[in-house]
Amino acid sequence: MLKILGRKSSGNTQKVLWCCDELGLAYQREDYGRGFGNNHTPAYLALNPNGRVPTIVDDGFVLWESNAIVRYLCAKHGLGTLCPPELQRRADIERWMDWQQTTLRPRFHALYDALRNPDPPGEPALEALKAALDDAWKILDAQLARHPFIAGASLTMADIPFCYIVNRWHRLPIERRGLANVKTWYERLCERPAFRHNVYEVG
Ligand SMILES: N[C@@H](CCC(=O)N[C@@H](CS)C(=O)NCC(=O)O)C(=O)O
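Residues numbered from 1 in each chain as written. Predicted model: local features only at pLDDT ≥ 70, side-chain atom pairs only at ≥ 80, totals over all residues. Heavy atoms only, no water.

J.: Kindly report on the overall build of the protein, identifying the contributing residues and their values.
T.: Across its full length, the protein holds 8 helices and 4 strands. The secondary structure elements of the protein, listed N-terminal to C-terminal, are β-α-β-α-β-β-α-α-α-α-α-α. Referenced to the eigenvectors of the C-alpha coordinate spread, the extents of the protein come out at roughly 50 × 40 × 25 Å. Burial status across the protein gives 47% buried among its 203 residues. Accessible surface computed for the protein: about 9700 Å², of which carbon and sulfur atoms make up 52%. (Helix = DSSP H or I, 4+ residues; strand = E, 2+ residues; numbered from the N terminus. Buried < 20%, exposed > 50% of the residue type's maximum accessible area, 1.4 Å probe, protein only. Areas by Shrake-Rupley, 256 points an atom, 1.4 Å probe, with all protein chains shown as cover.)

J.: Can you tell me about helix 8 (residues 193-200), naming the residues and giving the values?
T.: Because each turn of an α-helix spans 3.6 residues, side chains separated by three or four positions end up pointing in the same direction. Those residues of helix 8 that sit buried are Ala 194, Phe 195, Asn 198 and Val 199. Around the axis of helix 8, the buried residues are gathered within 90 degrees of arc, so they sit on the same side. Contact partners of the buried residues in helix 8: helix 1 (11-23), strand 2 (27-30), helix 6 (163-169) and helix 7 (180-190). (Arc of directions from axis to C-beta. Contact = heavy atoms within 4.5 Å.)

J.: Please give an account of the site of the ligand that cites residues and values.
T.: Taken together, 13 residues surround the ligand, and among them Arg 7, Arg 34, Asn 39, Val 53 and Ser 66 come closest. With respect to the ligand, the side chain of Arg 7 contributes an N or O atom lying 2.8 Å from an oxygen atom. A distance of 3.4 Å separates an oxygen atom of the ligand from a polar atom in the side chain of Asn 12. Among the detected pockets, the ligand sits in the largest pocket. (Near = heavy atom within 4 Å. Polar contact = N/O pair within 3.5 Å; in protein donor to acceptor, adjacent residues only side chain to side chain. 1 Å grid on protein atoms, 1.4 Å probe; cavity = no way out; pocket = protein on both sides within 12 Å on 5 of 7 lines; lining within 4 Å. Sits in = over half its atoms within 2 Å of the grid points.)

Here's what the structure looks like:
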C-alpha cells in the first residue's frame, strides 16, 4: 500500500493528501516532521536526504519533492482526469506547477514569514512584500478569468500545488485587493470534500 510520510499540518504534505483523496487512493500516512522529531534520523535520511516532508513509498519506490509526487501519482492513477495524456496540455499544466514552486511560493513565504515574525519589518517593507506577491497572484488571476480551474473546466494536477498557499493567504490579516478570480477559485476548491478535509480544515 502507498505510504505517505509527513505531518498533516505541512503544506507540501497537504498537496499529496489532497491529491490522493481526489484520486480515491488508499494510503497509510505516518507522522513525520516538525514536532515529531523523526525526520533527521538515519532511517528517514536514507529515504529523503533533505530531512523534509513529504516522502512517499509506493511498493518500494521512494519519492520526495511534493510536486514530483503529485505528478507521479496523477500520471499513474489519473491519466485522462487530473493528468492529461496529450503532451502539450501536460506541459502547460506542469508549467503552472513549477511556477507555484519558483514564483508564487517564495513571494508568499516572504510575506507569511514576515507577518508571523514577532519582530515584523516596518510598513513600507510589508507593503513591498504584499505588492510582489500581488504581482504573482495577478498572473494566476488572469489565467483563472479564462476558466474555472487553472488548466480548464475541471480540476487537474495544475491546481493541487497551490492548495496550502491559497488557503493560508486567505487567512492572513491583510486586505486582498482585486483578484476576484483567485477568490472564486478558492471558494470552488473549498466546495470539494477532499480539499476541505486535507487543507481547509487543517489550515
Ligand atoms: N521542496 C520540498 C519542500 C519540503 C519542505 O520544505 N517541507 C517542510 C514542510 S511543508 C518541512 O519538511 N519542514 C520541516 C519539518 O516539518 O520538520 C517539497 O516540495 O516537498
